[in-house]
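Listed below, chain by chain, are the residues.
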Number of protein chains: 2
Amino acid sequence: MTKIEQARLSRHRTTTAAARTRSRRAVSAGEPAAPYHHGALRDALLEAAERVLERDGLAGLTLRAVAREAGVSHAAPTHHFGDLTGLVSELAAIGFTRFNAAMKAAGEQPGTPIERAMARARAYVAYAQANPGMYGLMFRTERLDYSRPALHEAAEASFAGLAGSVAARSEGPVGDEELSLDQSAAIARAWSLVHGYTMLLLDGRLADILRRSPPGTTAEKLLEAMLRATVPKLPPGA
Amino acid sequence: MTKIEQARLSRHRTTTAAARTRSRRAVSAGEPAAPYHHGALRDALLEAAERVLERDGLAGLTLRAVAREAGVSHAAPTHHFGDLTGLVSELAAIGFTRFNAAMKAAGEQPGTPIERAMARARAYVAYAQANPGMYGLMFRTERLDYSRPALHEAAEASFAGLAGSVAARSEGPVGDEELSLDQSAAIARAWSLVHGYTMLLLDGRLADILRRSPPGTTAEKLLEAMLRATVPKLPPGA
DNA sequence: AGCTTTATCTTTACGATGTAAAGATAAAGC
DNA sequence: GCTTTATCTTTACATCGTAAAGATAAAGCT
């Protein structure tokens, strides 16, 4: 870990450690002492983890940091998640679930299929921009255990939603298992476009392009311009 | 670090440590003792780092592991790279340089502009598949210091090559600074498509699609099918 | 040539991390 | 009311990045 990162993290460490000592030891101060058994530690840890993630980034998301944030001992998470991979995977599952909800809501807006596809794409990028830590956790972490049911199902649903919305406006029947090459290509194209755009945007690699674009060109406008030139390749009936 | 990862790494640790002791202490065995001054440690460390990266993945790429792989003390890299960010950044610069060479070679093949664009896209994905560790280092690591001249220039050249090859077959003049919205969109589309496809492929997220596609559909064929439906949107003169 | 300076590499040390194991505490079950 | 189990803390250890001081050899200088 870099010295800068250590310094950045040490701030919260001391404060939360102090808060924890106070709440546990100084009962005379009138505050209720933190009970030995938290009661809902699992959810509290997940909420703490999300706060740490969006505040300190992926590198700051450590088991001990989460425990500090939640005000419990550093080994407390082990009982609920096994190891760091477990915690990260459960948090990613939450991210996928929320992401799926946002995509579903965007797809249910009224309008032509193309307009709805655009709305979904906008929602995709908007989620990542509003929750960069979560999106990075979901799509750039190698520490995800997809054998965990929660994560497996949430990620599966995410893919199914995407595949369904793309394949629904393609020619031919949409089998539950079999895909034509054109259908596969359409799914891969939609996903690659929006996922690649999102990653490049979050990594700051589109900053150069945006700077050299006409004044007032935002990430959203560039996204729309990019999709406008791609989507019309649909069959006329769509 | 997971127990599995620790076990996976510990193998090499012991062997290289043993080799180092032997080469330094047991002069009587006839082997030349490793000199105190390596002579070309910087390059040796970069080569060692690439071996570690492609063997043990991004998580295994630690300063100490690289030092062990090169047979020197764990603090030796500090003198040449400052910290882990320095080493990682220099290695990423090498990756970008090689990547640029591969893309340039692919773009110089004979054929129509569309054929050359396809060749470049194939080369892009092929590089990532042949060097997944390197590609991950270049595009998914947060530990890159783009203020380092080597990395900055190599990455800049990479982007310039992409932007040039896309903008070259667009209408209107290609200014060195100014881009029309259509030009920006074309660059963003090409990059997002191929980068997104590559990331999804490396993450194994296209496996489902490939499995449900017609028999014999490889990642390369899916890529071509995906691009075929996108590229023809070029002006007729291309 | 011999001495000094500098670059290179090693050793030692420290705080951080993940994780295992054992102890403490309170809730649940009987 | 006692025992069992779940939950949380404490302690411990190996690993990591990094800093600092020591050792060694090359380079430079007089």
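As a reminder, the structure under discussion sits directly above these lines.
Residues numbered from 1 in each chain as written. Chains lettered and ligands numbered in written order. Predicted model: local features only at pLDDT ≥ 70, side-chain atom pairs only at ≥ 80, totals over all residues. Heavy atoms only, no water.

1. Section: the side chain of B:Arg205
Link 1 in the chain: Here B:Arg205 shows up in the loop between helix 9 (181–202) and helix 10 (207–212).
Link 2 in the chain: B:Arg205 gets classed as buried once you look at its relative accessible area, which sits at 15%.
Link 3 in the chain: Look past the residues within four positions of B:Arg205 in its chain and what remains in contact with it is A:Phe96, A:Met138, A:Phe139, A:Tyr146, A:Trp191 and B:Leu200. (Helix = DSSP H or I, 4+ residues; strand = E, 2+ residues; numbered from the N terminus. Buried < 20%, exposed > 50% of the residue type's maximum accessible area, 1.4 Å probe, protein only. Contact = heavy atoms within 4.5 Å.)

2. Here we look at the packing of aromatic side chains
Link 1 in the chain: Within the structure shown, the criterion is met by 12 aromatic pairs over all chains.
Link 2 in the chain: Members of the aromatic cluster, each reached through a chain of ring pairs, are A:Phe96, A:Phe99, A:Tyr124, A:Tyr127, A:Tyr135 and A:Phe139. (Phe/Tyr/Trp six-rings, centres within 6.5 Å; stacked < 30°, edge-to-face > 60°.)

3. A word on the interface of chain A and chain B
You'll often see interface size given as the accessible area lost when the parts meet.
Link 1 in the chain: Listed as interface residues are 48 residues of chain A and, on the opposing side, 49 residues of chain B.
Link 2 in the chain: Both faces considered, chain A and chain B share a buried interface measuring about 4,300 Å² in area, 59% of it formed by carbon and sulfur atoms.
Link 3 in the chain: Summed over the shared surface of chain A and chain B, the result is 0 salt bridges.
Link 4 in the chain: Here chain A is connected to chain B by 10 residue pairs in polar contact (both at pLDDT 80 or more). (Buried area = accessible area lost by both parts, 1.4 Å probe. Salt bridge = Lys/Arg side-chain N within 4 Å of Asp/Glu carboxyl O. Polar contact = N/O pair within 3.5 Å; in protein donor to acceptor, adjacent residues only side chain to side chain.)

4. Re the packing of helix 2 (residues 41–60) of chain A against helix 3 (residues 63–70) of chain A
All names here are of chain A.
Link 1 in the chain: At their nearest, the axes of helix 2 and helix 3 sit 9 Å apart, and the two run at 130° to each other. When the interaxial angle is binned, helix 2 and helix 3 end up oblique. Seen along the crossing, helix 2 lies across helix 3 with a hand that is right-handed. Where helix 2 abuts helix 3, its residues Leu-45, Ala-48, Ala-49, Arg-51, Val-52, Arg-55 and Gly-60 lie against Ala-65, Val-66, Ala-67, Glu-69 and Ala-70.
Link 2 in the chain: Looking at the contact of helix 2 with helix 3, its residues break down into 8 nonpolar, 1 polar and 3 charged. (Axes fitted to C-alpha atoms, helices over the stretch in contact; angles between N-to-C directions. Parallel < 35°, antiparallel > 145°, perpendicular 65-115°, else oblique. Left-handed = near helix turned anticlockwise from the far one by under 90°. Nonpolar A, V, L, I, M, F, W, Y, C, P; charged D, E, K, R; others polar.)

5. Considering the nonpolar core
Grouped burial of nonpolar side chains is what soluble globular proteins tend to show.
Link 1 in the chain: Judged by nonpolar contacts, the single largest core of 131 residues is most densely connected at A:Leu61, A:Trp191, A:Tyr197, B:Leu61, B:Trp191 and B:Tyr197.
Link 2 in the chain: Not counting residues within four places of it along the chain, the set of residues in contact with B:Leu61 comprises B:Ala49, B:Val52, B:Leu53, B:Val66, B:Leu84, B:Val88, B:Leu91 and B:Leu137. (Core = buried A, V, L, I, M, F, W, Y, C linked by side-chain atoms within 4.5 Å.)

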